Amino acid sequence: MKRLTMWLSAGLVAFALALPALAQQPLKIGFGMSLTGPLAGNGKAALIAMQIWAEDVNAKGGILGRKVELVYYDDQTNPSTVPSIYNKLLDVDKVDLVVSGYGTNVIAPAMPIMMQRNMCFMSLFGLNVNSKFNYDRYFQIMPAGPEPAVGWSQGYFDIAMGLNPKPQTVALVGADAEYPALALEGARAHVKKLGLKVVYDKTYPPNTVDFSPIVRAIQATNPDIVFLASYPPDSAGMVRAVNEVGLKTRIFGGGLVGPQFASLRTQLGPLLNGVVNYESYTPEVSAKYPFLDQFLSKYQGRAIKEGVDPLGFYLPPYAYAMMQVLEQAIKATGSLDQAQLAEYMHKYEFDTYVGKVRFAKNGEWSAPRMLTVQYHGVVGNDLEQWMKPGKVTVLAPAAYATGTVQAPYQDNKK
Amino acid sequence: MEFPTALVLNAIVAGLLLGGFYAAVSVGISISFGMLDVVNIAHPAFIILGSYIAYIVNARLGFDPILVSVVLSPLFFLLGMLIYRIYYGCFERRGQESLRGLAFFFGILFITEVTLLLIFGVDYRLVETSYSSTTLRLGPVDFPLRLVVPFVVSLAMVIGVQLFLSRTFFGRAVLAVAQDQLALRLMAINPFRVKEFAFALSIATAGVAGAFLIVIQPVQPSIGREYIGLAFAVCVLGGLGSIWGTLLGAFILGLAESFTSTFFGPSWAPAVSFGILLAALAFRPTGLLGR
């Protein structure tokens with residue numbers, strides 16, 4: 001009996017000693033991220049932003065008294081790797097929370113797992129992913145509004161229809177890939193609603209080398225406006241081809257991924273003049289984002305060392321904001337319960353580096369706030385000119401506008 | 001469907017220019033697969049390596065990337081010799097070239113990509129040359145120098161390779177090794193030396209093709225894989241091991257892509273290209289100029 005008491009006492013002491021250690025276990029947040037493959041530039045930039053967030057949070061003592069630890073794997077920009085990554089994160093790494101990697105292509109394949117396991121899923125720049133799943137614990141940080149496919153090109157078509165005389169015909173073109181397909185779907189909805197005549201509506205394979213035949217075919221239809229949805233390599237190819245062929249139209253652009261980043265801005269330089277496109281942030285509207293400078297200065301220092309986008313205007317602020325939303329929800333609920341977190345995120349507004357964020361019922365932003373811009377006066381290929389205001393005119397939304405569109409497109413080349 | 005003259009002429013020119021680039025990408029594959037039976041699936045990685053070397057020399061010293069690639073092609077040649085020696089010593093000599101050789105080249109592909117990733121990061125790189133934004137116009141027809149310069153150099157390179165193979169003693173030895181290695185041995189010629197030289201030549205062409213690529217479009221470390229299917233299609237259509245066939249196949253697929261993109265929609269281009277390949281193989285299983 002004496003021996004049993006002794007063992008029990010020893011066990012209790014050991015348990016008591018272990019309690020603080022258990023309390024100190026890090027709060028693990030897991031995700032897959034594109035660190036190699038075609039979208040690795042964005043993936044790495046997002047990762048840096050999330051690491052900065054984790055450091056900032058840990059410097060303030062962590063969340064719920066626990067240090068934050070990011071557990072991540074390279075999804076190689078390959079959707080087929082995503083399910084196994086999230087299964088491993090949940091079953092082997094035993095993470096407390098998960099967030100998504102960058103982009104529609106890798107968010108969509110994670111959704112069935114999130115739904116099966118009832119996880120609250122905060123995602124990064126997925127376009128209209130939840131339209132097929134209708135999952136009530138899905139949230140998305142890209143400011144495309146409650147109808148993302150339509151909201152994505154809302155600014156472009158608002159600008160186009162503000163032209164005098166109004167455009168009558170439109171050409172729609174994009175890559176055979178997930179994002180361009182969704183962006184084109186939204187553009188078609190606008191076109192139908194506005195009663196524009198579609199004179200060209202085609203897609204091209206992602207490994208297209210020469211885009212000039214496509215641009216010539218578009219020019220042959222003589223469209224009033226041209227809407228393009230593309231990924232970085234084809235954005236560069238299309239912009240070059242448009243300049244080589246001398247496309248004549250009133251507005252060109254809309255959904256190009258690539259000109260948001262330093263590499264394409266410096267490589268294309270003056271060829272970007274006149275292109276109308278979307279941006280999530282630009283120094284021209286820095287007054288509207290009072291706390292973003294302190295994040296960007298931290299990010300830009302690291303990004304140059306790691307060979308990723310040194311501007312960091314497009315994705316990193318939103319990757320940071322995504323984690324801020326999660327942080328605020330956990331702190332407010334005092335819990336890691338997925339249902340409670342989701343309920344809170346639906347109900348309340350969040351204060352982030354990219355401004356106030358409120359989610360709609362489908363997990364998207366309750367109101368669109370993607371900027372529609374036009375590039376102007378770009379001279380040469382240096383990066384400095386993009387670091388300060390002057391080369392980007394914000395056209396929409398009205399509250400952020402810094403100027404009006406210059407049309408026709410080819411006049412911007414003079 | 002209308003076929004306005006200006007569109008047709010531009011489609012022909014664009015197709016030929018594109019074909020020139022495809023020929024440069026494919027000629028090395030035609031040599032290694034068609035003549036040497038070396039399953040060099042790492043060929044795209046050497047193309048991307050060529051892109052990055054051209055990029056870095058251009059960024060540091062401002063030299064034209066295509067000129068740089070031609071000047072540095074002996075380095076690629078030496079790299080090719082080194083790789084073939086390893087491949088021969090570890091696999092071919094032991095008769096293990098089929099599956100293990102394939103794994104070896106897969107390994108080289110991944111190692112090259114990851115090394116480039118670690119050194120240069122994941123951003124897209126493009127070289128802006130003095131002629132990149134210049135387009136010559138001849139009546140209604142456009143000649144963008146961004147494609148014309150690679151086309152001219154590619155044509156010179158492919159014709160040079162063909163002349164070397166058909167007019168020189170060593171070149172004929174390469175053709176002989178493709179046909180009958182035993183006969184070559186009986187004539188006291190070491191097939192290893194011949195194959196080493198030919199493989200090195202194929203890698204040298206990859207380096208030059210890489211410079212073309214980074215002039216034409218932005219490049220990141222794993223982008224080369226996107227061209228492997230097309231490069232194979234070019235080689236098989238033309239006839240594996242036939243350099244003229246590779247050139248012909250490249251022009252046919254370039255024209256097919258250009259015409260399809262202009263008149264029927266670019267998403268049909270791969271289907272039309274591979275449809276042509278299937279039809280050609282149905283009538284000539286060895287390819288258009290294959291033996």
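Structure: above.
About the criteria used
Residues numbered from 1 in each chain as written. Chains lettered and ligands numbered in written order. Predicted model: local features only at pLDDT ≥ 70, side-chain atom pairs only at ≥ 80, totals over all residues. Axes fitted to C-alpha atoms, helices over the stretch in contact; angles between N-to-C directions. Helix = DSSP H or I, 4+ residues; strand = E, 2+ residues; numbered from the N terminus. Parallel < 35°, antiparallel > 145°, perpendicular 65-115°, else oblique. Left-handed = near helix turned anticlockwise from the far one by under 90°. Nonpolar A, V, L, I, M, F, W, Y, C, P; charged D, E, K, R; others polar. Pairing = 2+ DSSP bridges. Contact = placed C-beta atoms within 7 Å. Expected span 1.5 Å × (residues − 1).

A.B. asks: Looking at this structure, I do not really get the packing of helix α1 (residues 5-35) of chain B against helix α11 (residues 243-263) of chain B. What am I missing?
C.D. replies: In a pair of packed helices, the angle between the axes and the distance between the axes together describe the arrangement. All names here are of chain B. Two elements in contact, α1 and α11, have axes whose closest approach is 6 Å; the angle formed by their N-to-C orientations is 140 degrees. Relative to α11, the element α1 lies oblique. You can see that α1 and α11 cross each other, and the crossing is right-handed. Its residues assigned to classes, the contact of α1 with α11 comprises 16 nonpolar, 8 polar and 1 charged.

A.B. asks: Explain the sheet that holds strand β1 (residues 27-33) of chain A here, please?
C.D. replies: Strand-to-strand pairing in sheets goes through backbone hydrogen bonds, with the strands running parallel or antiparallel. Residues and elements named next belong to chain A. Overall, parallel pairing links the 5 strands, which are arranged β2-β1-β3-β4-β5 in an open sheet. Since the sheet does not close on itself, it has two edges, and those belong to β2 (68-74) and β5 (138-140), each with one partner. Neighbouring strand axes in the sheet, compared pairwise and without regard to direction, differ in orientation by 25 degrees on average.

A.B. asks: Would you take a moment to explain the packing of helix α10 (residues 228-238) of chain B against helix α12 (residues 269-283) of chain B for this structure?
C.D. replies: Residue and element names in this part refer to chain B. At a closest axis distance of 10 Å, the pairing of α10 and α12 adopts a crossing angle of 30 degrees. Compared by their axis directions, α10 and α12 come out roughly parallel. As for how α10 packs across α12, the hand of that crossing is left-handed. On α12, the residues touching Ala233, Val236 and Leu237 of α10 are Ser273, Phe274, Leu277 and Ala280. When the residues that make up the contact of α10 with α12 are grouped by side-chain class, the tally is 6 nonpolar, 1 polar and no charged.

A.B. asks: How should I be thinking about helix α2 (residues 40-59) of chain A in this particular structure?
C.D. replies: One full turn of an α-helix is made of 3.6 residues, so residues set three or four places apart face in the same direction. The end-to-end C-alpha separation of α2 of chain A is 28 Å, in line with the 28 Å expected for 20 residues at 1.5 Å each. In the segment just after α2 of chain A, Gly61 of chain A is the residue with positive phi, at about 100 degrees.

A.B. asks: How do you make sense of the interface of chain A and chain B when you look at a structure like this?
C.D. replies: Interfaces are frequently sized by the accessible area removed from exposure as the parts join. Facing the 38 residues of chain A at the interface are 37 residues of chain B. For the side of chain A that touches chain B, the elements supplying multiple residues, two or more each, are α2, β7 (197-204), α10 (212-220), α11 (232-245) and α12 (262-268) of chain A. Here the residues of the side of chain A that touches chain B sort into 16 nonpolar, 13 polar and 9 charged.

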